[in-house]
Amino acid sequence: MCRYILLLFSILAALSPQMAFSIDVTDFTYSHLGQGDGLCSQRIYSILHTSDGALWWATKNGVERYNGVAVNCYSLEDSNRPSDRAGRTIKLKTRKTNEGETSLTAFDDKGYIYSYDPIQDRFVQKVSLSRLMHGDVLLNDILEESDGIWLAMREGIFYLKGQALIPVCAGCTAFCIVWCDGLMLFGTDKGVLAYNHEYGKTPKKDVRMRVVLPDHVETGYYDAFYRQVWMGCFHGGVKVAGIAKSREGKKLSGEWRTVNGLSENPVRSICPYNQETMLIGVDGSGVWWTTRRPTVALTTHLLFDANEGVHGVLHGNGIYSLLKDSWDNIVIGSYSGGIDIARPVGSTPAIYQHGRGHDQSLLNDRVNCVAQMSSGNLMMGTDNGISVYDQKAMVWRHICKGAVVIDLCKTDGGSILAATYGKGVLEITPSGDARQRYSKVGGILRDDHVYSLFYDRMGSLWMGCLDGDLVQVLPTGTCNYYQVNNVHDIVQTADGRIAVATANGIQLIEPRTGKVSSLEYGGQKDDVNLYVNTLYVDRQKIWIGTDGGGIYVYDFAARTSTNLTTANGLPSDFISSICKDGKGRVLVATERGLAFIDPSAPAQVVDVNYCFGLGREYSVGAACLLANGNVLYGSTTGALVINPANIQKINYRTELNLLGVSCGDSNDPKFRQQVFQMLERRQLELAYGQRTFVLYFESINLRNQYDIVYQYRIEDGEWSLPSAQQYIRFDNMEPGKHLLVLRSVSRTCGETLDEVRLTVIIGQPWWNTWWMWCVYLCLLAMAFYGVWSIYRLHTKYMRLVVLHASGKRVEEQHEQPVAKGENDEQAAFINKATQLVVEHVGESDFTIDALCREMAMSRTLFYLRLKSYTGKSPQDFIRVIRLERAAALLRGGSSVTDAAALSGFDNPKYFSTVFKKYFGMSPSRYR
């Protein structure tokens, strides 16, 4: 199939050589990443693009990953030898594994090879060639196979299988390895060596390779589409040859072709841009391009460099690596300039901004008005004069420096009038000369602060001022004045009337009669925004852009009005300009970006700020439809040209990936492994001590990265506010099972780009586990048993008291049966102590010491035993028996005084106090 495609391209190239594709510096917009953006070093040696969309590059200090938002730096495991860090060069390689994944490998010129572990998110050293070869080495390139690694070294060409080094070809310094589907080419200082090799098969020792190109080659690229190999030489530019099949395998076909136009500087990188174009990075000369077609003469053209001039968009000329990513961006890494990214213009063909100290740039970033001259040059009025840009010569020139230019207006004679703040109206001739045309001193204007200029269909010039009257200059030179000030815009309606936008509404003027009337565009609404910034007439309708009230669309025929606001999808209610593109759509610029509206369905507003460069604050009235259909806008951050054909509804998607979790154990390799597996299953299980954690995630789309924000919610809760932050911190999440819903959305329109559901399970604390509940139940049972035992003993000796109070013999108590399992010694002790107190219960002088003597124990021993058996102290023990005896007497009819005396209380007042405290009522009431 590829053969037929190649043949078709060859035929088309032969028949139509003018169809050759070309690219130019104006086809891109540019951004830069340096140390201020997080790079550890601006010396870039290698760039790769992985399947997740991230960019990886190698610097002299390590490896870095860029996801469109942040740069993450990885240090490689270095040896302890300071010499290993001297002049270090690090490069990157990728290889498809058997599982279809992309493995990432880093290596340096000292012979250390590292593999990236995505689970642990670090590079792990797997080979040290200096140890294997017992000395210093110089490693320039590697090519990984399933069972081994090809090595291009100063010492020659080697094959590493396991920890065994096989010398394949010695006697040369090898710089690069190019795999050509079975034919291996090695760029060396002796020329290009060819070797037919079966993938995965271990090569023999000391192989004799044939020299197929005598040049000193340091880089190469195999073009599988056209089946040709490109070799970059140290001094001889680029050489190209075809690859064909033979009985012996693959071989070079035809003669080497030289790519013309390159300098003698070393070629460091060769990268295809599309099926028509090849990019070439030259050390010291920037980026060049040429055709990829086998049948077309190979001539190079300068694309980017870091010099003065139209191609000077880079930050370094020493190009070491080129890459075209999935979004057709060209990523350039240089020896001293960091990372430059060239993005295809798409919706934004050009952005013009002021460069400090750079005369070939915009005078000032505050662009108040724009226009296109009859020559095609672009004119931009700023807060510091007028900048004119020649699109063909790509040259700037500046006029009226120091003037604040607010509006521009073409005349029939080819000149342009410029309205200024405080200097009246200036005239710029086609040659670029400026002179005073109208002013207050000249007698025409009543105020030199001119805000708006307009020529009507009859040739009259209208000039609106800040404080002075509106001026109409007729073609005859006669002037008419109208008491209309604070003018922001002037247009002519379909019926010939002049509509004047002011800070107090819209005034309609009949040019022939001079009649002035107000336009009631608010309809039946009580609250109407009358501060009008801009107007646009579309047949019988007038579009009215206000300062804070959105857009009013007034139909003169129906005398009806429709109000469009942020509720309808506008980026902001502060409208800067309104115009129509070639598709008939109404483009609306606001202080928060751009939108378009289909006039047939005006309620449907499409916010397009996801497009690169469109999300900005636009200046009032600064919009101009160019001859090629593009639109030139002025803003507070420069001017930009947009291509309406490429402005559509949101048309990109991106995958939301969960990266990892950090908490107290985040550096533990085992924990990282577990988290990686749990995130793949979309179920994160954490211990109670890990309930405070951070979840990391990302969505990568390097073309629209600035438009991606994130939201999350727990269960069916409210969505969080959109944020560009690529992590969420959860503090003290409740134990249990939670559903976390995370999504990436468009900042512009709120559309969901991708959504992930993650079940988060937080473990119970140790005091709330099932085995601790078992412990709790055991302790509760033991406590209950203890209380029950004490209660039984208490009941027992209380029974003795009652029996004694009723006149029965105490010895009868011993005849009561003893409960099964009761401790005999304990029961005997309690019985004896209770009996002794009962026998002396009426004696108020019966003390604890007397009881201890009767028990034949020391006071301390008696206290310990009684406390452990009954839970009461000796004093409480005697008092309880006395109170129980008194209660029995009171129930038997004794008086309070007798009951107190017979129970051993010689103080009736004290007796009443302790009795009430024990029984909850007074003795008299108890009786």
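Structure's up top.
The notes below deal with the structure included here. (Residues numbered from 1 in each chain as written. Predicted model: local features only at pLDDT ≥ 70, side-chain atom pairs only at ≥ 80, totals over all residues. Heavy atoms only, no water.)

This part takes up the overall build of the protein. Of regular secondary structure, the protein possesses 11 helices and 63 strands. Relative to the compact-globule value of 30 Å for 927 residues, the protein shows a C-alpha radius of gyration of 46 Å, a clear excess of over 25%. Its C-alpha atoms give the protein principal-axis dimensions of about 140 × 100 × 50 Å. Relative to its 927 residues, the protein shows a buried fraction of 51%. Contacts in the protein between residues far apart in sequence, at least 24 positions, make up 50% of those at least 6 positions apart. Accessible surface for the protein amounts to roughly 43200 Å². Of this, 50% is attributable to carbon and sulfur atoms. Taking the average place of the 94 positive charges on the side chains of the protein and the average place of its 95 negative ones, the gap between the two points comes to 5 Å. (Helix = DSSP H or I, 4+ residues; strand = E, 2+ residues; numbered from the N terminus. Rg over C-alpha atoms; globule rule 2.2 N^0.38 Å. Buried < 20%, exposed > 50% of the residue type's maximum accessible area, 1.4 Å probe, protein only. Contact = heavy atoms within 4.5 Å. Areas by Shrake-Rupley, 256 points an atom, 1.4 Å probe, with all protein chains shown as cover. Lys, Arg positive; Asp, Glu negative; His and termini not counted. Charge placed at Lys NZ, Arg CZ, Asp CG, Glu CD.)

Along the chain, the position of Ser22 falls in the loop between α1 (2-15) and β1 (28-33). Considered as a pair, Ser22 and Trp289 are 267 residues apart in the sequence and their alpha carbons are 8.5 Å apart.

Summed over the entire model, instances satisfying the criterion amount to 24 salt bridges. The residue Asp495 makes a salt bridge to Arg497 at a minimum N-O spacing of 3.0 Å. Across the pair Arg729 and Asp731 runs a salt bridge whose closest N-O atoms are separated by 2.9 Å. In this structure Asp731 comes out as partly exposed when scored by relative accessible area, which is 48%. Among the charged side chains, a salt-bridge network with shared partners connects Asp52, Arg65 and Glu698. (Salt bridge = Lys/Arg side-chain N within 4 Å of Asp/Glu carboxyl O.)

Reading across the sheet, the four strands line up as β29-β56-β55-β54 and stay open at both edges, with antiparallel pairing between neighbours. Each edge of the open sheet carries a strand with a single partner, namely β29 (350-352) and β54 (618-625). Taken over all neighbouring pairs, the strand axes of this sheet differ in orientation by 15 degrees on average, direction set aside. (Pairing = 2+ DSSP bridges. Axes fitted to C-alpha atoms, helices over the stretch in contact; angles between N-to-C directions.)

On to the nonpolar core. Across soluble globular proteins, nonpolar side chains have a tendency to be buried as a group. Membership of the largest hydrophobic core comes to 43 residues, with the highest contact counts inside it found for Leu594, Leu614, Tyr633, Ile642, Phe693 and Leu695. Looking at this core, the element that brings in the most residues is strand β63 (residues 752-762), giving five residues. Setting aside chain neighbours within four positions, we find Ile642 in contact with Ser347, Thr348, Pro349, Leu587, Leu594, Leu614, Asn630, Val631, Tyr633 and Ile647. Listed in part, the 29 residues of the second largest apolar core include Ile44, Ala54, Leu55 and Tyr66. (Core = buried A, V, L, I, M, F, W, Y, C linked by side-chain atoms within 4.5 Å.)

Our next topic: the side chain of Gln120. In this structure, Gln120 sits in the loop between β8 (112-117) and β9 (122-128). Here the side chain of Gln120 touches Pro669 through a polar contact of 2.9 Å, landing on its backbone oxygen. When sequence neighbours within four positions are dropped, the list of residues in contact with Gln120 reads Pro669, Arg672 and Gln673. (Polar contact = N/O pair within 3.5 Å; in protein donor to acceptor, adjacent residues only side chain to side chain.)

Let us now look at the packing of aromatic side chains. Counted under the stated rule, the structure contains 40 aromatic pairs. Relative to Phe730, the ring of Tyr712 lies with its centre 5.8 Å away and its plane at 75 degrees, an arrangement referred to as edge-to-face. In this pair, Tyr712 is assigned in strand β60 (residues 708-714) and Phe730 in strand β61 (residues 727-730), connecting sequence segments 18 residues apart. The exposure class of Tyr712 is partly exposed, given its relative accessible area of 26%. Ring pairing ties together the aromatic residues Phe905, Tyr910, Phe911, Phe915, Tyr918, Phe919 and Tyr926, which thus form one cluster. A cation over an aromatic ring shows up here: Arg585 above the ring of Phe596, its NZ or CZ 4.3 Å from the ring centre. (Phe/Tyr/Trp six-rings, centres within 6.5 Å; stacked < 30°, edge-to-face > 60°. Lys NZ or Arg CZ within 6 Å of the ring centre and 35° of its normal.)

Here the focus is the pairing of strand β43 (residues 498-502). Both faces of the sheet carry side chains from a regular strand, because those side chains alternate between them. Counting buried residues along β43, five of its five residues qualify, which places the element largely inside the surrounding structure. Side chains of β43 alternate between two faces, with Ile498, Val500 and Thr502 and Ala499 and Ala501 buried alike. In terms of strand pairing, strand β42 (residues 487-492) meets β43 through five bridges, oriented antiparallel. Bridge pairing links Val487 to Thr502 in β43. Linking β42 to β43, which pair antiparallel, is a turn of five residues; within it Gly496 sits at a positive phi near 95 degrees. With five bridges connecting them, β43 and strand β44 (residues 505-509) associate as antiparallel partners. Directly across from Val500, in β44, lies its bridge partner Gln507. Remark: two residues form the turn of the hairpin made by β43 and β44, two consecutive strands paired antiparallel.

Quick look at helix α6 (residues 848-855) now. Ile848, Ala850, Leu851, Cys852 and Met855 are the residues of α6 that are buried. Just past α6, the residue Ala856 takes up positive phi, approximately 60 degrees.

Another point: the side chain of Asp489. Positionally, Asp489 belongs in strand β42. Arg457 is the oppositely charged side chain nearest to the buried, salt-bridge-free Asp489, at an N-O distance of 14 Å. At 3.4 Å, the side chain of Asp489 forms a polar contact with the side chain of Thr534. Setting aside residues no more than four positions away along its own chain, Asp489 makes contact with Ser452, Ala499, Val500, Ala501, Asn533, Thr534 and Leu535.

This part is about unusual backbone geometry. Not every positive phi belongs to a glycine, and Arg559 is a case in point at roughly 55 degrees. Phi is positive for Glu715, which is not a glycine, with a value near 55 degrees. Structurally, Glu715 can be placed in the loop between β60 and β61.

The next thing to look at is the sheet that holds strand β53 (residues 605-607). Reading across the sheet, the four strands line up as β50-β51-β52-β53 and stay open at both edges, with antiparallel pairing between neighbours. The strands lining the two open edges of the sheet, one partner per strand, are β50 (575-580) and β53. In this sheet, neighbouring strand axes are inclined to one another by 25 degrees on average, regardless of whether the strands run parallel or antiparallel. The pairing of strand β52 (residues 593-597) with β53 spans three bridges and is classified as antiparallel. Among the inter-strand pairings, Ile597 is bridged to a residue of β53, identified as Val605.

Of all six residues that make up strand β15 (residues 183-188), six are buried, and the element is covered over most of its length. Every second residue of β15 is oriented toward a common face, with Leu183, Leu185 and Gly187 on one face and Met184, Phe186 and Thr188 on the other, all of them buried. Two strands pair when backbone bridges link them, and strand β14 (residues 174-180) and β15 are joined in this way by six bridges, in the antiparallel orientation. For Ala174, the partnering residue across the bridge sits in β15 and is Thr188. Once β14 ends, the chain turns through two residues before running back antiparallel as β15, passing Asp181 with a positive phi of about 55 degrees. Relative to strand β16 (residues 191-196), β15 is paired through six bridges, and the arrangement is antiparallel. Bridge pairing in β16 links Met184 to Tyr195.

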